[in-house]
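Descriptive structure summary
So you can see what is in the structure, the chains are spelled out below.
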Amino acid sequence: MDRILTVEQMTFCEHEAEKYGVSLAQLMDNAAAQLAEVIASNSSASSKIVLLIGKGNNGGDGLVAANLLAEQGLKPAVVLCCGEPDTDLSSAAYARLDKSVEVLKAENALDFIEDADVLVDCIFGTGFHGSLRENILPVFRACKKCEGMKIACNLPSGVNARNGQADKLSFKADVTVTFHRGKLGLYLQPAVDFCGEILVKDIGIDERCENTLYPVITPFDVVKARASLPFRPADGHKGTFGKVVSVAGSESYIGAAGLSAMAAMRTGVGLFELCTAKSVVNSLSAGMYECTYSAMKTDKDGFMVAENAETILKKCEKASSLLIGCGLGHTAETEKLVAELIEKAEIPIVLDADGINSLCPNIDVLLKKKSTVILTPHPAELARLCGVTVGEVMSDRLGFAYRLSEKYGVTVLAKSADTFAVDGGKVYLCTEGTTALAKGGSGDMLAGIVSSYVAQGFDALDAAALGSFTLGSTALLAGYKRSERGIIARDVIDALPRFLYDLENAD
Ligand SMILES: NC(=O)C1=CN([C@@H]2O[C@H](COP(=O)(O)OP(=O)(O)OC[C@H]3O[C@@H](n4cnc5c(N)ncnc54)[C@H](O)[C@@H]3O)[C@@H](O)[C@H]2O)[C@@H](O)CC1
Ligand SMILES: [K+]
């Protein structure tokens, strides 16, 4: 799929389009023409077409579309849902509304809305923020009862195109006709569930309007995933496919070290060495034979201490990626250990979980790094890294990840139900996933997979994006005809070779 734009980027393009000879009024006419075409193709002469109109330019699109439908001999009616249109363009469109178009006020039109054959939502567009207010809820309840075809103009009302947040009563579209480019929020949870099929329609904005816009956001799909898989030479040996050194695990968190190791080994890396507490070595080595182990010095509670740094750095000389953090624990000593490893390691580093938490108090050490660093924060960790609340992060997850990436020159894999892989100006959106992954152990698997890909020579952004794609797609595969409730991390790890087979052999 093509590039996706943030709302700010889209607004910039709309204004920039004037430089290429297309006015805002012309853009509205073009948007309305595209919308009318979709409405007409879902209507017959007898269809009861109802366009719900808000005050802003989204309503303007609907009013112009109503005229075009009337010109074609169809019988659209418009319902004013927020009073009379009040922007320059929407009030001009209202003044031009064809006399044959019936105009109703929302308070008198609830049954009328419910009975529509084709219901078109032009209430709110990109200007929507906050939540649906009490006075307009009856309209949305009537929409919910309507059994006709539901079409959203640009985006379903109630959905926030900036961040994907959505009111529970948002318009639930069968089709969303969006203009020029997909808007970021439409592809994020929970908004994506309200969009139905998303049709992206040209409205005459020249692509050169996007030349200066960063970041460039594109969905990471199977085509990109396949293209980023490196060639695996038939005469390759274990050294050819890289080595991960993992600094993970503690007496309190044993499984995390094992899950990340298994996920890494199941995604192609040649060698995996686990540097961990002696008690973790003893527990895991009884069942996980495929990797090597190094027992590290620990404090009295079983957490690794900073003086291990020298040993680990020595091991890094013969490795191709360093994974830090899964089950590491967070103490003053792990803070020192993480800082020293970041400052001195000369191989790419993947920092996850308590590796991230241990980094936060000394985050500026990232400015002294010698190698590539990939951070894999969930929203709470991203909030800690940025020094803000989780709520602030959720209102603009991409923005925070992007600024973090820019400030420290790191790759950020901002994971959640949908995940952003961010490397400065380039962003991949990864949406594969299932609630089977909403469980302990998923982050450990993801970090292990990313470290494996990095060790095999992928560049940081590809490793991060493909890591997320791999985990999400494999969890879907593991859950085939099985409940997401019952899938656990080991099921996903077991399904990794099958996923990779499918990817390697995809058309
Ligand atoms: N600007 C342009 O050049 C173009 C804009 N177009 C359309 O214009 C839309 C954007 O237009 P606007 O910026 O006028 O925004 P909207 O049409 O989304 O209207 C926002 C209106 O709703 C109000 N509002 C926002 N949140 C609310 C809430 N929670 N409860 C109640 N009222 C709320 C705002 O105060 C404002 O009056 C796009 O989505 C697109 O459909 C298209 O015509 C193409 C060209
Ligand atoms: K809308």
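This one's a predicted model, so the numbers in the text were calculated from it and none came from an experiment.

1. Digging into the domain arrangement of the protein
The domain boundaries assigned to the protein delineate domain 1 (4-210) and domain 2 (222-504). The straight-line distance from the C-alpha centre of domain 1 to that of domain 2 is 42 Å. Contact with domain 1, which involves 7 residues of that partner, is made by 8 residues of domain 2. Summing the contributions of domain 1 and of domain 2, the shared interface buries around 560 Å²; its carbon and sulfur component is 66%. At the boundary of domain 1 and domain 2, one finds 0 salt bridges.

2. Overview of the coordination of the potassium ion (ligand 2)
Only Asn58 (OD1), Asp121 (O), Phe124 (O), Cys153 (O) and Leu155 (O) from the protein coordinate the potassium ion (ligand 2), and they sit 2.6 to 3.0 Å from it. Motif for the potassium ion (ligand 2), donor spacing along one chain: N-x62-D-x2-F-x28-C-x1-L. Taken together, the residues Asn58 in helix 3 (residues 57-71) and Cys153 in strand 6 (residues 149-153) connect sequence positions 95 residues apart. Since its relative accessible area comes to 0%, Cys153 is described here as buried.

3. Remarks on the packing of aromatic side chains
Inspection of the entire model under this criterion finds 5 aromatic pairs. Ring geometry for Tyr453 against Phe458: centres 4.7 Å apart, planes inclined by 10°, an arrangement best described as stacked. Neither residue differs from the other here; Tyr453 and Phe458 are each classed as buried. One aromatic cluster is present, built from ring pairs that chain together Phe220, Tyr428, Phe469 and Phe499. Between the NZ or CZ atom of Lys172 and the centre of the ring of Phe194, over which it lies, the distance is 5.7 Å. We note Arg403 situated over the ring of Phe400; from NZ or CZ to the ring centre the distance is 4.8 Å.

4. Some words on the side chain of Asn154
With respect to the helices and strands, Asn154 occurs in the loop between strand 6 and strand 7 (175-179). Apart from residues lying up to four places away in sequence, Asn154 is in contact with Asn58, Thr126, Thr176, Val177, Thr178, Phe179, Lys183 and Leu186.

5. Observations regarding the pairing of strand 12 (residues 271-277)
The element strand 12 is extensively covered by neighbouring structure, given that 6 of its 7 residues are classed as buried. Pairing analysis gives 5 bridges linking strand 11 (residues 243-247) to strand 12, with the strands arranged parallel. Residue pairing in the sheet places Val247 in a bridge with Cys275 of strand 12. This β-α-β element, strand 11 to helix 9 (residues 255-265) to strand 12, shows right-handed connectivity.

6. Considerations on the site of ligand 1
Neighbouring ligand 1 are 19 residues; Leu24, Asp61, Gly125, His129 and Asn154 lie closest to it. One nitrogen or oxygen atom from the side chain of Asn58 is found 2.8 Å from an oxygen atom belonging to ligand 1. Residue His129 places a main-chain N or O atom 2.8 Å away from a nitrogen atom belonging to ligand 1. Alone, ligand 1 offers 870 Å² of accessible surface; in the complex the protein occludes 83% of this. Residue assignment for the shell around ligand 1 shows that the elements contributing at least two residues are helix 2 (24-41) and helix 3.

The rules behind each value
Residues numbered from 1 in each chain as written. Chains lettered and ligands numbered in written order. Predicted model: local features only at pLDDT ≥ 70, side-chain atom pairs only at ≥ 80, totals over all residues. Heavy atoms only, no water. Domains from an automatic or database assignment. Contact = heavy atoms within 4.5 Å. Buried area = accessible area lost by both parts, 1.4 Å probe. Salt bridge = Lys/Arg side-chain N within 4 Å of Asp/Glu carboxyl O. Donors = N, O, S within 2.8 Å, 3.2 Å for Na, K, Ca; no water. Helix = DSSP H or I, 4+ residues; strand = E, 2+ residues; numbered from the N terminus. Buried < 20%, exposed > 50% of the residue type's maximum accessible area, 1.4 Å probe, protein only. Phe/Tyr/Trp six-rings, centres within 6.5 Å; stacked < 30°, edge-to-face > 60°. Lys NZ or Arg CZ within 6 Å of the ring centre and 35° of its normal. Pairing = 2+ DSSP bridges. Right-handed = clockwise from strand over helix to strand, strands pointing away. Near = heavy atom within 4 Å. Polar contact = N/O pair within 3.5 Å; in protein donor to acceptor, adjacent residues only side chain to side chain. Areas by Shrake-Rupley, 256 points an atom, 1.4 Å probe, with all protein chains shown as cover.

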